[in-house]
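What the coordinates show
One-letter residues, chain by chain:
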Amino acid sequence: MMTHEMIKQVAPSVFATSPSPKVSNRYVFVPTMDIIENFEREGWNVASAKQTGRGIHGLHEIKFRNGDLPNVGDTLIEAIIKNSHNGVATLNISSGLHRLVCKNGLSVPTSVSDSFKVRHSGFEFEDVKRLTEDFSKRLPIIQGSVNRMMEHQLTMDDKLKFAKKSAEVRWGIGSVPTNLNYDSVLNPLRDEDKGDSLWQVFNVVQEKFIRGGVEYTTNSGRKTGLRTMNDIYNVNRINTKLWELAEDMF
């Protein structure tokens, strides 16, 4: 778990004490540190923190875990906070999963678990208590979705279909490299991911497209490879879209 000092090293905007001078007078400042302290009082601990861009007001993401909540399959449930102090993003609190096998983070889409978008008008301790209770109630729904993926077996044609649709999410329709090696995309990096279940295939593809490592040749003929994605917006967008694609495979 991360201490406040550790958080400050990677996400200084978490500690902003006032909003950006560029925001309007109607903007109500919601200090992220107040939210963190409320979560900590309710038994949540900061597991990771990151920031997109530099400065003291930029977009940042904090992930919490609560040891009192049970695991979901081979994953831990997380509360994910996204906030900024420059008016770029509203405060958003959603659920996610952290896979123990590969230490990879997954965003659970709102079709499975509610997210809470909070306009900058304050976030109180009672809201954290309500959120914790809601997470507990929603665990069976998330567990059910994971279980269905674990039980659903894919043919090779199914795997290729999922990989190709996932590539369209990663690059955009019409922009996927024409000679992308889908066998490489589907090749698992560890024994735990070897198999035909939708859950295994989903995690293999998700890890390749978020953490990188897939080499390919661009449509202009240049050899390159996918790098790790660090942008908070894009990571969340791709994570969510891939989960929705997986659910469409049933």
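If you're wondering where the values come from, they're calculated on a predicted model, not measured in any experiment.

Moving on to the pattern of salt bridges. What the rule picks out here adds up to 9 salt bridges. For Lys82, the salt bridge goes to Glu61, with nearest N and O atoms at 3.8 Å. Here Glu61 lies in strand β2 (residues 60-66) and Lys82 lies in strand β3 (residues 75-83), a separation of 21 residues in the sequence. As far as the burial class goes, Lys82 and Glu61 line up, both buried. With a shortest N-O distance of 3.3 Å, Arg190 and Asp193 are connected by a salt bridge. Given a relative accessible area of 3%, Asp193 falls into the buried group. Through salt bridges with shared partners, one network takes in Asp74, Arg99, Arg190, Asp193, Glu207 and Arg211.

Enumeration according to the criterion identifies 7 aromatic pairs in this entry. Pairing Phe39 with Phe64 gives two aromatic rings, centres 4.5 Å apart and planes at 20°, and the pair type is stacked. Of the two residues, Phe39 is situated in helix α2 (residues 32-41) and Phe64 in strand β2; the sequence distance between them amounts to 25 residues. Across the pair, exposure class does not vary: Phe39 and Phe64 are buried alike. Residues Phe202 and Trp243 carry aromatic rings whose centres are separated by 5.8 Å and whose planes lie at 80° to one another, so their mutual orientation is edge-to-face. Here Phe202 is found in helix α6 (residues 198-211), whereas its partner Trp243 is found in helix α7 (residues 232-247), with 41 residues between them in sequence. When its relative accessible area of 1% is taken as the criterion, Phe202 is described as buried. Since its relative accessible area comes to 0%, Trp243 is described here as buried. The ring centre of Phe15 lies 5.0 Å from the NZ or CZ of Lys8, which sits over that ring. Lying over the aromatic face of Trp171, Arg170 brings its terminal NZ or CZ to 5.8 Å of the ring centre.

Let us look at α7. The end-to-end C-alpha distance of α7 is 23 Å, a good match for the 22 Å that 16 residues give at a rise of 1.5 Å each. Taken residue by residue, α7 has Ile232, Val235, Ile238, Asn239, Thr240, Leu242, Trp243, Leu245, Ala246 and Glu247 as its buried positions.

Along the polypeptide, Lys22 turns up in the loop between α1 (4-10) and α2. With a relative accessible area of 80%, Lys22 lands in the exposed category. As a C-alpha pair, Lys22 and Gly87 span 65 residues in sequence and 8.5 Å in three-dimensional space.

Turning our attention to the packing of helix α4 (residues 156-171) against α6. How two helices sit against one another is set out by the angle between their axes and by the gap between those axes. Where α4 meets α6, the closest approach of the two axes is 11 Å, and the angle between their N-to-C directions is 30°. When the interaxial angle is binned, α4 and α6 end up roughly parallel. Crossing of α4 against α6: the hand is right-handed. Contact residues: α4 offers Lys159, Phe162, Ala163, Ser166, Ala167, Arg170 and Trp171, while α6 offers Val201, Phe202, Val205 and Phe209. Residue classes in the contact of α4 with α6 are distributed as 8 nonpolar, 1 polar and 2 charged.

By size, the foremost hydrophobic cluster in this structure holds 56 residues, and its most contacted members are Ile62, Phe64, Leu97, Leu180 and Phe202. The element contributing the most residues to this core is α6, with 7 residues. Setting aside anything within four residues of it in sequence, one finds Leu180 in contact with Ala167, Trp171, Val185, Val214 and Tyr216.

What follows covers the side chain of Asn66. By secondary structure assignment, the location of Asn66 is in strand β2. On the accessibility criterion, Asn66 (8% relative accessible area) is buried. A distance of 2.9 Å separates a polar side-chain atom of Asn66 from the backbone nitrogen of Asp68.

Turning our attention to the confidence of the model for the chain. Detailed reading of the predicted model is not advised wherever pLDDT is low. Mean pLDDT over the chain: 86, with 88% of residues reaching 70 or higher. The weakest mean pLDDT in the chain belongs to strand β6 (residues 116-118) at 55; the strongest belongs to α4 at 97.

What counts and what doesn't
- Residues numbered from 1 in each chain as written.
- Predicted model: local features only at pLDDT ≥ 70, side-chain atom pairs only at ≥ 80, totals over all residues.
- Heavy atoms only, no water.
- Salt bridge = Lys/Arg side-chain N within 4 Å of Asp/Glu carboxyl O.
- Helix = DSSP H or I, 4+ residues; strand = E, 2+ residues; numbered from the N terminus.
- Buried < 20%, exposed > 50% of the residue type's maximum accessible area, 1.4 Å probe, protein only.
- Phe/Tyr/Trp six-rings, centres within 6.5 Å; stacked < 30°, edge-to-face > 60°.
- Lys NZ or Arg CZ within 6 Å of the ring centre and 35° of its normal.
- Expected span 1.5 Å × (residues − 1).
- Axes fitted to C-alpha atoms, helices over the stretch in contact; angles between N-to-C directions.
- Parallel < 35°, antiparallel > 145°, perpendicular 65-115°, else oblique.
- Left-handed = near helix turned anticlockwise from the far one by under 90°.
- Contact = heavy atoms within 4.5 Å.
- Nonpolar A, V, L, I, M, F, W, Y, C, P; charged D, E, K, R; others polar.
- Core = buried A, V, L, I, M, F, W, Y, C linked by side-chain atoms within 4.5 Å.
- Polar contact = N/O pair within 3.5 Å; in protein donor to acceptor, adjacent residues only side chain to side chain.
- pLDDT = per-residue confidence, 0-100.

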